[in-house]
Amino acid sequence: MALVAVGDGPYPDAETAEAFGVEVAGRLPWDPCAAEALASLPASARALRAAPLVRSLRTLAERLAAASDAAPAIESPAPSSGGRVGLRRRVLAPWRAEPVAVGVNGSSPEGSTS
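What you see is a predicted model; the values in this text were computed from it and never measured.

Undergrad: Looking at this structure, how should I read the overall build of the chain?
TA: For the chain, the count of helices and strands is five helices and two strands. For the chain, the succession of helices and strands along the chain, N to C, is β-α-β-α-α-α-α. Of the contacts formed within the chain by residues at least 6 apart in sequence, a portion of 25% connects residues at least 24 apart. For the chain, the exposed area adds up to about 9,000 Å²; of that, 59% sits on carbon and sulfur atoms.

Undergrad: Is there a simple way to think about the environment of Ala-17 in this case?
TA: Looking at the secondary structure, you find Ala-17 in helix 1 (residues 13–20). Expressed as a C-alpha distance, the spacing of Ala-17 and Ala-2, which sit 15 residues apart in the sequence, is 8.6 Å. Not counting residues up to four positions away in its chain, the partners in contact with Ala-17 are Val-22, Glu-23 and Val-24.

Undergrad: Honestly, the pattern of salt bridges in this entry has me stumped. Any pointers?
TA: Proximity of charged atoms lets side chains of opposite charge pair with each other. Taken as a whole and judged by the stated rule, the model has one salt bridge. Two residues, Arg-27 and Asp-13, come together in a salt bridge whose shortest N-O distance is 2.5 Å. Placement of the pair is Arg-27 in strand 2 (residues 23–28) and Asp-13 in helix 1, with a sequence separation of 14 residues. You can call Arg-27 partly exposed: its relative accessible area is 29%.

Undergrad: Would you take a moment to explain the environment of Ala-34 for this structure?
TA: Note that Ala-34 resides in helix 2 (residues 32–40). On the accessibility criterion, Ala-34 (6% relative accessible area) is buried. The sequence separation of Ala-34 and Arg-49 amounts to 15 residues, and the corresponding C-alpha distance is 9.5 Å.

Undergrad: Hey, could you run me through the confidence of the model for the chain in this one?
TA: Any region with low pLDDT has predicted coordinates that should not be read closely. For the chain, the average pLDDT comes to 74, and 60% of its residues sit at 70 or higher. Across the chain, helix 1 holds the top mean pLDDT of 92, while helix 5 (residues 83–92) sits lowest at 54.

Undergrad: Honestly, the nonpolar core in this entry has me stumped. Any pointers?
TA: Across soluble globular proteins, nonpolar side chains have a tendency to be buried as a group. In this structure, Ala-25, Leu-28, Ala-34, Ala-37, Ala-45, Leu-48, Ala-51, Leu-53, Val-54 and Leu-60 together form the largest nonpolar core, which totals 10 residues. Of all the secondary structure elements, the ones that give two or more residues to this core are strand 2, helix 2 and helix 4 (52–70). In contact with Val-54, not counting residues within four places along its chain, are Leu-38, Leu-48 and Arg-49.

Each value, and the rule that gives it
Residues numbered from 1 in each chain as written. Predicted model: local features only at pLDDT ≥ 70, side-chain atom pairs only at ≥ 80, totals over all residues. Heavy atoms only, no water. Helix = DSSP H or I, 4+ residues; strand = E, 2+ residues; numbered from the N terminus. Contact = heavy atoms within 4.5 Å. Areas by Shrake-Rupley, 256 points an atom, 1.4 Å probe, with all protein chains shown as cover. Salt bridge = Lys/Arg side-chain N within 4 Å of Asp/Glu carboxyl O. Buried < 20%, exposed > 50% of the residue type's maximum accessible area, 1.4 Å probe, protein only. pLDDT = per-residue confidence, 0-100. Core = buried A, V, L, I, M, F, W, Y, C linked by side-chain atoms within 4.5 Å.

Structure, rendered in structure tokens:
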């Protein structure tokens, strides 16, 4: 388990790692404009690719993927396509939410009575 710090906090990575008992995998810049652009611009947008946040995310994702490839796997994941798309899927997979069933009127289907 590891954590990623955001911004230039008052504590060095070694102190943060000791306090939480986990490795600090990296540090990302505080860049709210680029974070908002991630949700609204296509990934191919030049301004987005050049943003410090995105460059840092790319470097961190490549480092984490390399570390996970080098570490012995307990359970082998299904093979994915290569390249950046495959890297993005492997890195983001743990954070994808499971779909939630929603009834016709927006309520939970389990709570409805018919």
